[in-house]
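# Working through the structure, step by step
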Amino acid sequence: MSFIFICLATGGLIGFFRPPSKALAKYVNLATMAGLFILLVSMGAQLGSNKKVAADLGQMGIQAFVLAGMSVLGSICLVRLLAASLEKRLSLSAAKDISKAGERR
Amino acid sequence: MGAVVLGMVWGRWFLPASLAGHLELVTNIALGLMLVGVGIELGSKRSTWSRLCVLGWRVLLVPLAVGIGSLAGAVGAGLMLNLPFNESSAIGAGFGWYSLSGVLIAQIYDVQVGALAFLTNVIRELMAFMLIPVLAVKMSKLMAVAPGGATTMDTTLPVISRATDADTTIIALVNGTSLSLLVPVLVPVLISL
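Residues numbered from 1 in each chain as written. Chains lettered and ligands numbered in written order. Predicted model: local features only at pLDDT ≥ 70, side-chain atom pairs only at ≥ 80, totals over all residues. Heavy atoms only, no water.

The helix and strand inventory of chain B stands at ten helices and zero strands. When the helices and strands of chain B are placed in sequence order, the string is α-α-α-α-α-α-α-α-α-α. Per-residue burial over chain B gives 56% buried out of 193 residues. Restricting the contact set of chain B to residue pairs at least 6 apart, pairs at least 24 apart contribute 67%. (Helix = DSSP H or I, 4+ residues; strand = E, 2+ residues; numbered from the N terminus. Buried < 20%, exposed > 50% of the residue type's maximum accessible area, 1.4 Å probe, protein only. Contact = heavy atoms within 4.5 Å.)

Have a look at this one:
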């Protein structure tokens, strides 16, 4: 697990202190996409080579639907609980921000 | 999704057994490469972080509520489906970022649970696309930010922008960026519990 955090922190520090130029950002994005593609193909290959997993895909679909639905519902319910006070406070802050930005222009 | 299907076809019919042993080294290198790239992308979002300073700490209550709600919902679903706490919570911690959550879980825990995380978070993104315009009209603009999770900084941001206003779009951007930062940290921690 430390490997994950080391890679992520290294990238984060590079990005924050030495943000890549537009041209370099393209290559960074390309490398990220290449890494992601290899990992997704590899995940698919491991799934495809396991006959039991392939047979359970229908069941997995139902589980995924329930997990996704409940996650979305949980997020909506909690934001609903905080919505009234948050909207009041955040719209005031955002309005101040916009007026300050206008003054700068 | 195409990459996973391609991999499944390859693994089912064409993957030679001699290559399977080398697959782990290749995927570890790919994971490192991808995470450094993700880190660079998140770290270089200085404008979002400076917006966060202007809006104040209260704006972080939105991703906090979305994140806790998402985790609670996934754990609740896990209880219904008899899934262990570590699996359901880690899947919920994907916050809609299906590619990263799926490959992280597949790499460090189990490929089948990784596939479930991938599918769950794909469905979450699809649900977000359908729910955002409805929530913005029927409930409130801020609530339209909730279903998208981490995707509110990229794929669902244009939908939020069209369905709500400029203030909510900025909040959505901060929400998505904050949750995206949490995904690569929370998923490995929760799946290892």
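A separate point is the interface of chain B and chain A. Between chain B and chain A, the contact holds 82 residues from the first and 66 residues from the second. Where chain B abuts chain A, roughly 6700 Å² becomes buried across the two surfaces, and 82% of that area is made up of carbon and sulfur atoms. The tally of links between chain B and chain A comes to zero salt bridges. For the pair chain B and chain A, the interface holds five residue pairs in polar contact (both at pLDDT 80 or more). Of all elements in the fold, only α1 (2-14), α3 (23-43), α4 (46-55), α5 (61-80), α6 (85-92), α7 (98-108), α8 (111-138) and α10 (166-191) of chain B reach the threshold of two or more residues within the side of chain B that touches chain A. (Buried area = accessible area lost by both parts, 1.4 Å probe. Salt bridge = Lys/Arg side-chain N within 4 Å of Asp/Glu carboxyl O. Polar contact = N/O pair within 3.5 Å; in protein donor to acceptor, adjacent residues only side chain to side chain.)

In this description, a pair of aromatic rings is defined by centroid distance and the angle of the planes. Within the structure shown, the criterion is met by two aromatic pairs over all chains. Here Phe16 of chain A and Phe17 of chain A contribute two aromatic rings whose centre-to-centre distance is 5.2 Å and whose plane-to-plane angle is 85 degrees, an arrangement assigned as edge-to-face. Phe17 of chain A gets classed as exposed once you look at its relative accessible area, which sits at 57%. Between the aromatic rings of Tyr98 of chain B and Phe118 of chain B, the centroid separation amounts to 5.5 Å while the plane-to-plane angle is 85 degrees, which identifies the pairing as edge-to-face. Residue Tyr98 of chain B is found in helix α7, and its partner Phe118 of chain B is found in helix α8; the two are separated by 20 residues along the sequence. (Phe/Tyr/Trp six-rings, centres within 6.5 Å; stacked < 30°, edge-to-face > 60°.)

What follows covers a nonpolar patch on the surface. Nonpolar side chains collect at one region of the surface, where Phe37 and Ile38 of chain A together with Leu6 and Val26 of chain B lie side by side and expose about 340 Å² of accessible area between them. For Val26 of chain B, the position within the fold is in helix α3. The partly exposed category is assigned to Val26 of chain B, whose relative accessible area is 40%. (Patch = residues over 30% accessible without salt bridge, like charges linked within 9 Å, V, L, I, M, F, W, Y side chains within 5 Å. Areas by Shrake-Rupley, 256 points an atom, 1.4 Å probe, with all protein chains shown as cover.)

This part takes up the confidence of the model for chain A. When the pLDDT values of chain A are averaged, the result is 77; 78% of them are 70 or greater. The model gives residues 92-105 of chain A a pLDDT under 50, and that stretch makes six contacts with residues more than four places away or in other chains. (pLDDT = per-residue confidence, 0-100.)

All right, on to unusual backbone geometry then. Residue and element names in this part refer to chain B. Of note, the phi angle at Asn82 is positive, near 60 degrees, even though the residue is not glycine. By the secondary structure assignment, Asn82 is in the loop between α5 and α6. The backbone phi angle of Phe95 is positive, close to 45 degrees, even though this residue is not glycine. Of note, Phe95 is situated in the loop between α6 and α7. With relative accessibility at 1%, the residue Phe95 sits in the buried group.

All names here are of chain B. Across its 20 residues, α5 extends 28 Å between first and last C-alpha, which sits within 8% of the 28 Å expected from 1.5 Å per residue. Every buried residue of α5 is listed here: Val62, Pro63, Ala65, Val66, Gly67, Gly69, Ser70, Gly73, Ala74, Val75, Ala77 and Gly78. Count one or two residues on from α5 and you reach Asn82, which has phi positive near 60 degrees. (Expected span 1.5 Å × (residues − 1).)

Attention now moves to the pattern of salt bridges. Residue and element names in this part refer to chain B. A complete count under the given rule lists one salt bridge over all chains for this structure. Of the charged contacts, one joins Asp165 and Lys141 as a salt bridge, the two residues approaching to 3.5 Å between their closest N and O atoms. One end of the pair, Asp165, is in the loop between α9 (157-163) and α10; the other, Lys141, is in the loop between α8 and α9, with 24 residues separating them in the sequence. Residue classification places Asp165 among the partly exposed residues on the basis of a relative accessible area of 28%. Since its relative accessible area comes to 38%, Lys141 is described here as partly exposed.

A few words on the layout of surface pockets. In this structure, the largest pocket spans a volume of roughly 440 Å³. Forming the walls of the largest pocket are 20 residues, and the residues nearest its centre are Leu36 of chain A together with Glu41, Trp97, Ser99 and Asp154 of chain B. Residue assignment for the lining of the largest pocket shows that the elements contributing at least two residues are α2 (22-48) of chain A together with α3 and α7 of chain B. Estimates place the volume of the second largest pocket at around 230 Å³. Among the elements of the structure, α1 (2-17) and α2 of chain A together with α3 and α7 of chain B are those that each provide at least two residues to the lining of the second largest pocket. (1 Å grid on protein atoms, 1.4 Å probe; cavity = no way out; pocket = protein on both sides within 12 Å on 5 of 7 lines; lining within 4 Å. Points joined across faces, edges and corners; volume = space filled by probe spheres on them.)

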